[in-house]
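Analysis of the macromolecular model
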Amino acid sequence: MYAVIGAGPMGLAAARNLQKLNIPFVGFELHTDVGGLWDIDNPHSTMYESAHLISSKRMTEFKEFPMSDSVAAYPHHTQLRQYFRDFSDTFNLKSHYEFSTRVVSTVPEGDGWRLVSECNGQKQSRLFDGVLMANGTLHTPNMPSLPGTFAGTLMHSSEYRSPSVFKDKHVLIVGCGNSGADIAVDAVHYAKSVDISLRRGYYFLPKFIKGQPIDTLGGKLKLPRPVKQRMDAAMIRMIIGKPSDYGLPNPNYRMYESHPVVNSLVLHHLGHGDIKARRDIRRIDGHTVSFSDGESQDYDLILMATGYLLDYPFIERAQLNWPANQDAPQLYMNVFHPEHDNLFMMGMVEAAGLGWEGRNQQARLVALYIQQRQQNTAAVKQFNKVKRKRAGKTLDGGYDYIKLARMAYYVNKDEYLETLSKHIAELETEQPVLASEV
């Protein structure tokens, strides 16, 4: 019996793939229903009222469970919550889950893992053959310390739900990832003023080109990485210009070396003066914020759109092969522990265009690995050699990703999917060809 922690997209993918191979499992979910962060009623969700998918539905959906044609190209979070509920109901996944249940601890015991859970104040201890951790990567806010004391309202984007919080306020948004850009656009319609502070430059992409979602275009012709970076960056400059045209810093790295911001509305409002670009914060004194370029401004509210930290509170960091000097566990393919053959990190992977189907293939590989491990096949023995040798090696496709905590588990979609495909074929055929040798 295996344990699956979480009933968000990754947890459901893990559950579905174990189900397909008749591998018994029990799922644990803090909330009362499936959907993870896509259920805004989940008290642990970081969703906000205006949130939509930033990748298009056809590039994101599970292959075996397409979204309805009536759903918009970039669905609203309420449509996605229903999608996951329908997915779960179609394959009867809820029957495997214990809801309103917190995993308190997970420790190795013999050949398995001792998992303690808690529901309605009652704790239960069970021994499992293995654990699939799918509790998500966007729960624990990254809240950097500010240089001084702010006298107004200070909040993190994880706390944000409705733009009414900005009503009649002078607002500063710190950070401009996809959530920061979305929230800045929301604030325009309620706040007295909206400024956005950036330490570094970003690449901004429009959601549509010629009426089509941007992530559905191209890809048929595989270009060498440097050529693709130059050509795509040039195309974006031709369509929307450079960030500096809108008062923002230009990125000092090449295209795709950080996650792009898929939002052209923030540029629209910058160009119209609805949002003012600011540099990095140098000092805060009461309501006054001074910036690195010498300018200063008073604010009523600062919202930190500064991302999230990986957090797995139910297991010791040492059990995850997570050194103190690393921003993420050092695992093969961001999934497989070099020593624990029955502990799997599900969904600790980010890549432009990977979608939920890419994560579903990750779950498929894990389920096949569990099946083959139970049978002690030659293929799984070969795979074990690979995962021990290559734990912590980034599947970056040759891209020089910028050194940020949020990029510590970033991968190149093409290399990751190719590696998944090769390993899946190896375990299905039991004729292994090491991915590291291909």
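Let me begin by describing the structure that accompanies this report. Just so we're clear, the structure is a prediction, and the values are computed from it rather than from any experiment.

Description of the nonpolar core
One finds Leu132, Phe344 and Met346 to be the most contacted residues of the largest nonpolar core, which totals 103 residues. Counting residues per element, this core draws most heavily on helix α6 (residues 355-375), at 8 residues. Excluding its chain neighbours within four sequence positions, the residues that come into contact with Phe344 are Tyr2, Val131, Leu132, Met133, Val335, Phe336, Val366, Tyr369 and Ile370. Of all hydrophobic cores here, the second largest spans 22 residues; its members include Val26, Leu343, Met348 and Tyr409.

Structural notes on the pattern of salt bridges
Across all of its chains, the model carries 22 salt bridges by this definition. Taking the shortest distance from any N to any O, the salt bridge between Glu295 and Arg278 comes out at 2.7 Å. Here the residue Glu295 occupies a position in the loop between β19 (288-291) and β20 (296-298), and Arg278 occupies one in strand β17 (residues 275-278), the gap between them amounting to 17 residues. Salt bridges linked by common partners bring Asp33, Asp39, Asp41, Arg81, Arg85, Asp89 and Lys94 together as one network.

Things to note about the packing of aromatic side chains
Summed over the entire model, instances satisfying the criterion amount to 30 aromatic pairs. With a centroid separation of 6.2 Å and an interplanar angle of 5°, the aromatic rings of Tyr399 and Tyr401 are classed as stacked. Overall, Tyr399 belongs to the buried group, its relative accessible area being 9%. One aromatic cluster is present, built from ring pairs that chain together Trp38, Phe62, Phe65, Tyr83, Phe84, Phe87, Phe91 and Trp356. In this arrangement the basic side chain of Lys207 is found over the ring face of Tyr74, its NZ or CZ atom lying 4.6 Å from the centre. Positioned over the ring face of Tyr399 is Arg225, at 5.8 Å from the centre of the ring.

Points about the pairing of strand β11 (residues 170-174)
Within β11, 4 of the 5 residues are buried, which leaves it mostly tucked inside the rest of the structure. Pairing of β11 with strand β12 (residues 193-197) involves 5 bridges; the strand directions are parallel. When the bridges of β12 are listed, Val174 appears paired with Ser197. Note: β11 against strand β21 (residues 301-304), 4 bridges, orientation parallel. Note on β21: the bridge partner recorded for Val171 is Leu301.

Regarding the sheet that holds β21
Within the open sheet, the 5 strands sit side by side as β10-β21-β11-β12-β17. Their pairing is parallel. Each of the sheet's edge strands pairs with one partner strand only, and the pair in question is β10 (153-156) and β17. Strand-to-strand twist across the sheet, computed as the mean angle between neighbouring axes with direction ignored, equals 20°. Strands in contact with helix α3 (residues 178-188) are β11, β12, β17 and β21; relative to β12, the strand with the most contacts, it is inclined by about 165°.

Conventions used here
- Residues numbered from 1 in each chain as written.
- Predicted model: local features only at pLDDT ≥ 70, side-chain atom pairs only at ≥ 80, totals over all residues.
- Heavy atoms only, no water.
- Core = buried A, V, L, I, M, F, W, Y, C linked by side-chain atoms within 4.5 Å.
- Buried < 20%, exposed > 50% of the residue type's maximum accessible area, 1.4 Å probe, protein only.
- Helix = DSSP H or I, 4+ residues; strand = E, 2+ residues; numbered from the N terminus.
- Contact = heavy atoms within 4.5 Å.
- Salt bridge = Lys/Arg side-chain N within 4 Å of Asp/Glu carboxyl O.
- Phe/Tyr/Trp six-rings, centres within 6.5 Å; stacked < 30°, edge-to-face > 60°.
- Lys NZ or Arg CZ within 6 Å of the ring centre and 35° of its normal.
- Pairing = 2+ DSSP bridges.
- Axes fitted to C-alpha atoms, helices over the stretch in contact; angles between N-to-C directions.

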